[in-house]
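Observations on the three-dimensional arrangement
The chain contents come next:
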There are 2 protein chains.
Amino acid sequence: MGKLRVIGIGPGSIENMSLRALKAIEDSDIIVGYNKYIDMIKVLTLDKELYSTGMKGEEARCKEALSLCKDKNVALISTGDAGIYGMAGLILELRTNEEVEIIPGITASSAAGSVVGAPLMHDNCNISLSDLMTPYEDIKKRVKLAAEGDFVISLYNPKSKGRPYYLRECINIIKEFREDSTPVAVVRHALREGQNYKLFTIQNFDPEVVDMMSIVIVGNSKSYYKEEQFITPRGYENKS
Amino acid sequence: MGKLRVIGIGPGSIENMSLRALKAIEDSDIIVGYNKYIDMIKVLTLDKELYSTGMKGEEARCKEALSLCKDKNVALISTGDAGIYGMAGLILELRTNEEVEIIPGITASSAAGSVVGAPLMHDNCNISLSDLMTPYEDIKKRVKLAAEGDFVISLYNPKSKGRPYYLRECINIIKEFREDSTPVAVVRHALREGQNYKLFTIQNFDPEVVDMMSIVIVGNSKSYYKEEQFITPRGYENKS
């Protein structure tokens, strides 16, 4: 009887993985995951059996992982935290009697935040703009309420070919509740190969630089830039 | 000239730290932090100079770290992610010309989530109930909007002696937007020594088990328990 470990590898560089995630991969016989994610940690997987799939087959990938772990130790790889828009939920939904361990990782908003300063220092939320499983009307409503609640907002899956205008529309919704000078950061490939970022205000934000490999972080009413660092103060009552 | 690294050590166990955080501590001459946090990673700090302080002196601690790094390499320790309710923001606010690196970690909601299942699989937010720097009226407003937006809600600093009733009041606010069966998990000392947790519904939730070492996670409208696992499905349109 094997074990299935659902592993958040963090942003996609070995140094930003946890020791626990690293050891879990070492202890596994088979690595299951989207091929681009497996590539990011290739050096750890050289002596392993690989079961890699394209982006879409998430349910098939989970079923395969659950089936394979009856005999062998299986590592199912997610980037970021396996428990935030990752594979942990679907595995637990599909699981019958397999032994499953969820190993968290650094989620993309934490990684992206660290690249541009300290934008997430106060209450913050993660919202995915993907409408594959959630109606766009629900997404827009949530964006509006988060803006009204003065959350720092991290947008995951901010753009894809099928929905090129959502990001602009959502930023415009947030803009109704923020001053023009509010910082907006776009971080691509945060803390992994190919990292780059661009800093905007909500007034001059340009969605053209954003793709699916990006996280977009919009500040709260107190966020500001100090020498190219995006800072959100810890509270409302005194600003150091 | 030394360097200041602001390090998120994750939940407070060495195996859940990133390799980068581990190496940064090894490379530092001086460790600065709240004494209970330094204790959690004691084995890494045996050959280091320590500058530990009580919980309250956050600004003094940051100023000391900035001053010390003029000559030596300094590690300023936060639990969780240094960029989420941690020390990263205050350091960047106070910094003048020191070299500063922010090293992210696994935040407490990710750690707590992994202990009880996969509660954070869809849009989610972190809200601190501490009113030290934020008026309680603002906190309540934010809780209400997050509940209305159907976010999974993670409550940080859920309770302290000075505000014993906030948690009950905030759960009651959320309850107006959720069914009685909505899962609520309380995770104490997630992924570190002394870990324990308790699962409730929002209907039978008991704030008595909660203390400052706890994270409270409240599900969205689709969250459910499956064999003692707290699961939030990935979306709204099809539930596997």
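Residues numbered from 1 in each chain as written. Chains lettered and ligands numbered in written order. Predicted model: local features only at pLDDT ≥ 70, side-chain atom pairs only at ≥ 80, totals over all residues. Heavy atoms only, no water.

**Looking at empty space enclosed by the protein**
According to the stated counting rule, one finds five cavities of 30 Å³ or more in the structure shown. By volume, the largest cavity amounts to about 70 Å³. Across the lining of the largest cavity, the residue classes break down as eight nonpolar, ten polar and no charged. (1 Å grid on protein atoms, 1.4 Å probe; cavity = no way out; pocket = protein on both sides within 12 Å on 5 of 7 lines; lining within 4 Å. Points joined across faces, edges and corners; volume = space filled by probe spheres on them. Nonpolar A, V, L, I, M, F, W, Y, C, P; charged D, E, K, R; others polar.)

**Digging into the relation of the copies chain A and chain B**
When chain A is fitted onto chain B, the two copies agree to an RMSD of 0.0 Å after a turn of 180° and an axial shift of 0.0 Å. What the rotation and shift describe, once combined, is the action of a two-fold rotation axis. The fraction of interface residues of chain A whose copies in chain B are also interface residues reaches 100%, indicating that both copies meet through the same surface. (Least-squares fit on C-alpha atoms with pLDDT ≥ 70 in both. Contact = heavy atoms within 4.5 Å.)

**Comments concerning the interface of chain A and chain B**
With 69 residues of chain A at the contact, the number on the chain B side is 69 residues. Carbon and sulfur atoms make up 53% of the area that chain A and chain B hide from each other, which totals about 6100 Å². If you look at where chain A meets chain B, you find four salt bridges. Across the chain A-chain B interface, the total number found is 34 residue pairs in polar contact (both at pLDDT 80 or more). Residues belonging to the side of chain A that touches chain B are distributed by class as follows: 30 nonpolar, 20 polar and 19 charged. Across three bridges, the pairing between strand S7 (residues 124-128) of chain A and strand S7 (residues 124-128) of chain B is antiparallel. Its bridge partner lying in S7(B), A:Asn124 is registered against B:Asn126. (Buried area = accessible area lost by both parts, 1.4 Å probe. Salt bridge = Lys/Arg side-chain N within 4 Å of Asp/Glu carboxyl O. Polar contact = N/O pair within 3.5 Å; in protein donor to acceptor, adjacent residues only side chain to side chain. Pairing = 2+ DSSP bridges. Helix = DSSP H or I, 4+ residues; strand = E, 2+ residues; numbered from the N terminus.)

**Re the nonpolar core**
Grouped burial of nonpolar side chains is what soluble globular proteins tend to show. Within the largest apolar cluster, 50 residues are counted, with the highest numbers of intra-cluster contacts made by A:Ile127, A:Val216, B:Ile127 and B:Val216. Not counting chain neighbours up to four residues away, the residues in contact with A:Ile127 comprise A:Tyr85, A:Ile139, A:Arg142, A:Val143, A:Ala146, A:Ile153, A:Ser154, A:Leu155, A:Tyr156, B:Asp123 and B:Phe151. (Core = buried A, V, L, I, M, F, W, Y, C linked by side-chain atoms within 4.5 Å. Buried < 20%, exposed > 50% of the residue type's maximum accessible area, 1.4 Å probe, protein only.)

**As for the sheet that holds S7(A)**
Taken together, ten strands build an open sheet; the order of strands is S10(A)-S9(A)-S11(A)-S8(A)-S7(A)-S7(B)-S8(B)-S11(B)-S9(B)-S10(B) and the sheet is mixed. The sheet terminates laterally at strand S10 (196-201) of chain A together with strand S10 (196-201) of chain B, the two strands that pair on one side only. Taken over all neighbouring pairs, the strand axes of this sheet differ in orientation by 15° on average, direction set aside. Of the strands in this sheet, S7, strand S8 (152-156), strand S9 (183-188), S10 and strand S11 (214-218) of chain B touch helix H5 (residues 108-116) of chain B, which is tilted by about 70° from S11(B). (Axes fitted to C-alpha atoms, helices over the stretch in contact; angles between N-to-C directions.)

**Considerations on the pairing of S7(B)**
Residues and elements named next belong to chain B. Most of S7 sits inside the fold, with five of its five residues counted as buried. Going residue by residue along S7, you find Asn124, Asn126 and Ser128 tucked away on one face and Cys125 and Ile127 tucked away on the opposite face as well. Direction of pairing for S7 relative to S8: parallel, over a ladder of five bridges. Along S8, the bridge assignment pairs serine 128 with tyrosine 156. A crossover connection joins S7 to the parallel S8 through helix H6 (residues 136-148); in handedness this β-α-β unit is right-handed. (Right-handed = clockwise from strand over helix to strand, strands pointing away.)

**Side note on H6(B)**
Compared with the 18 Å implied by 1.5 Å per residue over 13 residues, the 18 Å span of H6(B) between its first and last C-alpha is a close match. Three or more residues of H6(B) are buried, namely B:Tyr136, B:Ile139, B:Arg142, B:Val143, B:Leu145, B:Ala146 and B:Ala147. Those residues of H6(B) hidden inside the fold are in contact with helix H6 (136-148) of chain A together with S7, S8 and helix H7 (166-175) of chain B. Of the residues one or two after H6(B), B:Asp150 is the one with positive phi, at around 60°. (Expected span 1.5 Å × (residues − 1).)

**Some points on the sheet that holds strand S3 (residues 49-53) of chain B**
Note on sheets: strands pair through backbone hydrogen bonds, and any given pair is parallel or antiparallel. Residues and elements named next belong to chain B. Spatially, five strands are ordered S3-S2-S4-S1-S5 in an open sheet, and the strand pairing comes out parallel. Each end of this open sheet is capped by a strand with a single partner; those strands are S3 and strand S5 (100-103). When strand polarity is set aside, the average angle formed by the axes of neighbouring strands in this sheet is 20°. Sheet topology places strand S1 (residues 4-8) next to strand S4 (residues 74-78); five bridges connect them, and they run parallel. Pairing of arginine 5 across the sheet is with alanine 75, part of S4.

**Section: helix H7 (residues 166-175) of chain A**
All names here are of chain A. Buried within H7 are the following residues: Tyr166, Leu167, Cys170, Ile171, Ile173 and Ile174. The buried residues of H7 occupy an angular sector of 155° when the element is viewed end-on, so they sit on one face. Elements that come into contact with the buried residues of H7 comprise H6, strand S8 (152-156) and strand S11 (214-218). (Arc of directions from axis to C-beta.)

**Structural notes on the environment of B:Asp123**
Here B:Asp123 lies in the loop between strand S6 (117-118) and S7. For B:Asp123, a relative accessible area of 0% gives the class buried. For B:Asp123 and B:Gly235, which are 112 residues apart along the polypeptide, the C-alpha to C-alpha distance reads 9.1 Å. At 2.9 Å, the side chain of B:Asp123 forms a polar contact with the backbone nitrogen of A:Ser128. Looking at B:Asp123, its side chain comes within polar contact range of the side chain of A:Arg142, at 2.5 Å.

All quantities given are derived from atomic positions and should not be read as evidence of function.
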